[in-house]
Amino acid sequence: MSLSAPWAQRSFERVLRVLDGGRLGHGLLICGPEKLGKRQLMHALVARLLCSEAGVTQAACGVCRSCRLLAAGTHPDYHDVTLLPNDKGVLKKEIGVDQIRGISQILGLTAQLGGAIVAAVHPADALNRAAANALLKTLEEPQDGRYLLLLTSKPHRLPATVRSRCQRIEMCLPDRDEARQWLQQQHGSGVDVQRALALAEGHPGRADDFLRHGGLALFDSVSRDLLGLARSQLTLSEVCKHWMDEQLAERLAVAVIWIRQQTVDQVRAGKLQSARVAAQYRWAQEANQVRQQLDTPLRSDLLLADLLDQWSKIGEHAGLRG
Ligand SMILES: [Zn+2]
């Protein structure tokens, strides 16, 4: 089994060398930016730790009994700990202490297939305080052939005591050339990969999302609206209605990227005074806040109207390019 992105495959091969060198820890923190393939790396590592036939620095064989049970989702020595649905079928926001107590006990048992026992917690930043404390005890008592994998793109949200007891497996952004080549393989040559990558600030996973979900068209639409508002070619209520009608959260996310890029371009061209730079970055922060408040009882139409009103004042004299 090889991982789909070359940087993920490289990370996996590094981990295999550490494993076969006898240096792989019991608690493993798999981290790095989102959408780079960390989950795939986690699954490949789980399979390799459980596989009974894999050779040195090889991935899981995919055919032994252990590999087949894992693929079927019925491996007795693998335990997946993730967010569970509540009574209404909506995913809870936290991983609770009961879920962690369960794995502490399981890691202390004899493996049913006689090999390793592996538990994976994802996303690990969703562990609540009591759950993280319970996890600490497990991390402090390492045993041979027992592995606890924690997956997160926000490792800073884990208590330092948990982080310091884990071996870190970090996946980093690839360089632009590699990211561009990979995107071209995914989307073909007729697509504006370069532009998607620039909008995603060099992040291939986000650029891939842009290309798959019409992100470039959305970017153009947001850009038209904000420029139209700044130049008084569109009214506040027109833009508000347009954004409220469709993809509000996505539009806000794209607006943040757009204003950041405009600001960087203007600064490079020597066109922007520092007070205006600060105002534009502040507006980007406000837009992010509004996006985070969309799930709260606050009225999103009022939040948006206020945000766009601020924008029309900031953008009026900003010398923006469209
Ligand atoms: Zn196998």
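These numbers were taken from a predicted model, which means no experiment stands behind them.

## Details of the domain arrangement of the protein chain
Piece 1. Domain boundaries assigned for the protein chain yield domain 1 (6-170) and domain 2 (214-315).
Piece 2. Computed from C-alpha coordinates alone, the two centres of domain 1 and domain 2 are separated by 40 Å.

## Observations regarding the nonpolar core
Piece 1. Formed by 76 residues in total, the largest nonpolar core has its most connected members in Val118, Tyr147, Leu149, Leu226, Trp243, Trp283 and Trp311.
Piece 2. In terms of domain composition, this core takes at least three residues from each of domain 1 (6-170) and domain 2 (214-315).
Piece 3. With near-sequence residues (within four places) excluded, Trp283 lies in contact with Leu226, Ala255, Ile259, Leu307, Gln310, Trp311 and Ile314.
Piece 4. By size, the runner-up hydrophobic cluster in this structure holds 26 residues, among which are Leu83, Ile117, Ala131 and Leu136.

## Quick look at the pattern of salt bridges
Piece 1. Scanning the model with the defined rule gives 13 salt bridges in all.
Piece 2. Notably, a salt bridge pairs Lys35 with Asp209, separated by 2.9 Å at the nearest N-O pair. Here Lys35, found in the loop between β1 (27-31) and α2 (38-50), pairs with Asp209, found in helix α9 (residues 204-212); they are 174 residues apart in sequence, far enough to count as distant.
Piece 3. Note on Asp209: relative accessible area 25%, which makes it partly exposed.
Piece 4. For the salt bridge of Glu201 with Arg260, the shortest nitrogen-to-oxygen distance reads 3.6 Å. Highlighted residues: Glu201 in the loop between α8 (193-199) and α9 and Arg260 in helix α12 (residues 248-268), separated in sequence by 59 residues.
Piece 5. Given a relative accessible area of 39%, Glu201 falls into the partly exposed group.
Piece 6. Judged by relative accessible area, which is 29%, Arg260 ranks as partly exposed.

## Looking at the layout of surface pockets
Piece 1. Roughly 810 Å³ of volume is contained in the largest pocket.
Piece 2. Lining the largest pocket we find 25 residues, and of these Glu34, Arg206, Ala253, Ile257 and Arg291 sit closest to its centre.
Piece 3. Every element with two or more residues in the lining of the largest pocket is listed here: α9, α10 (215-230), α12 and α13 (274-292).
Piece 4. At seven residues, the largest contribution of residues to the lining of the largest pocket is made by α12.
Piece 5. A breakdown of the residues in the lining of the largest pocket according to their chemical character gives ten nonpolar, six polar and nine charged.

## Re the coordination of the zinc ion
Piece 1. Binding of the zinc ion to the protein goes through Cys51 (SG), Cys61 (SG), Cys64 (SG) and Cys67 (SG), at separations of 2.3 Å.
Piece 2. Each donor residue of the zinc ion belongs to the same chain, and together they define the spacing C-x9-C-x2-C-x2-C. In this pair, the class of Cys64 matches that of Cys67, namely buried.

## What to know about α2
Piece 1. Taking 1.5 Å per residue, 13 residues should reach 18 Å; α2 reaches 18 Å between its end C-alpha atoms and fits that length.
Piece 2. With ten of 13 residues buried, α2 lies mostly within the body of the structure.
Piece 3. Taken as a whole, α2 has its buried residues at Lys38, Leu41, Met42, Ala44, Leu45, Val46, Ala47, Arg48, Leu49 and Leu50.

## Side note on the packing of aromatic side chains
Piece 1. A full pass over the atoms with the stated rule returns three aromatic pairs.
Piece 2. Consider the rings of Trp258 and Trp311, whose centres lie 5.8 Å apart with planes at 75°: the pair is edge-to-face. Placement of Trp258 in helix α12 and of Trp311 in helix α14 (residues 300-315) is noted, with a sequence separation of 53 residues between them. Neither Trp258 nor Trp311 differs from the other in exposure class; each is buried.
Piece 3. Between the aromatic rings of Trp283 and Trp311, the centroid separation amounts to 5.1 Å while the plane-to-plane angle is 50°, which identifies the pairing as tilted. In this pair, Trp283 sits in helix α13 while Trp311 sits in helix α14, placing the two residues 28 residues apart along the sequence.
Piece 4. For Trp283, a relative accessible area of 1% corresponds to the buried category.
Piece 5. Judged by relative accessible area, Trp311 falls into the buried class, the value being 0%.

## Section: the pairing of strand β3 (residues 117-121)
Piece 1. Judged by how many residues are buried, β3 sits mostly within the fold: five of five residues are covered.
Piece 2. Burial along β3 is two-sided: the face carrying Ile117, Ala119 and Val121 and the face carrying Val118 and Ala120 are both buried.
Piece 3. In terms of strand pairing, strand β2 (residues 78-81) meets β3 through four bridges, oriented parallel. Bridging across to β3, His79 finds its partner in Ala119.
Piece 4. Regarding topology, helix α4 (residues 97-107) serves as the crossover connection from β2 to the parallel β3, and that connection is right-handed.
Piece 5. In this sheet, strand β4 (residues 146-152) lies alongside β3 in parallel orientation, the contact comprising five bridges. Looking at β4, one finds that Val118 is bridged to Tyr147.
Piece 6. Crossover connection from β3 via helix α5 (residues 129-140) to parallel β4: handedness right-handed.

About the cut-offs
- Sequence order sets the numbering: in each chain, residues are counted from 1 along the sequence as written.
- Predicted model: local features are reported for residues with pLDDT of at least 70 only, side-chain atom pairs are reported and counted for 80 or more only, and whole-chain, interface and lining totals are derived from all residues.
- By convention in this description, side-chain values take in all heavy atoms of the structure and omit both hydrogens and water.
- Residue ranges for the domains originate in an automatic or database domain assignment.
- As used in this record, nonpolar core signifies buried Ala, Val, Leu, Ile, Met, Phe, Trp, Tyr and Cys residues forming a set joined through side-chain atoms within 4.5 Å.
- Accessibility here uses a 1.4 Å probe with only protein chains present; expressed as a share of the type maximum, an area under 20% marks a residue as buried, one over 50% as exposed, and anything in between as partly exposed.
- In what follows, residue pairs with any heavy atoms lying within 4.5 Å of each other are defined as contacts.
- In the sections that follow, a salt bridge refers to a side-chain nitrogen of Lys or Arg positioned within 4 Å of a carboxyl oxygen of Asp or Glu.
- A run of H or I in DSSP counts as a helix once it spans at least four residues, and a run of E counts as a strand once it spans at least two, with each numbered from the N terminus.
- With a 1 Å grid laid over protein atoms only, a set of points is called a cavity when a 1.4 Å probe fits there but cannot get out and a pocket when it is open yet has protein on both sides within 12 Å along at least five of seven lines; lining residues have an atom within 4 Å of a point.
- Grid points are joined across faces, edges and corners, and a volume is the space filled by probe spheres set on the points.
- Classification used: nonpolar for Ala, Val, Leu, Ile, Met, Phe, Trp, Tyr, Cys and Pro, charged for Asp, Glu, Lys and Arg, polar for all others including Gly.
- For Na, K and Ca the donor cut-off is 3.2 Å, and for all other metals it is 2.8 Å, counting N, O and S atoms only; because water is absent from this set, sites may look incomplete.
- To estimate how far a helix should extend, the number of its residues minus one is multiplied by 1.5 Å.
- Here the aromatic set is Phe, Tyr and Trp, taking the six-membered ring for Trp, and pairing holds for ring centres within 6.5 Å; pairs whose planes are under 30 degrees apart are stacked, those over 60 apart are edge-to-face, and all others are tilted.
- DSSP-based pairing: two strands are paired if at least 2 bridges between them are found.
- The handedness of a crossover follows from its direction of travel: if, with the strands pointing away from the viewer, the path from the first strand over the helix to the second runs clockwise, the crossover is right-handed.

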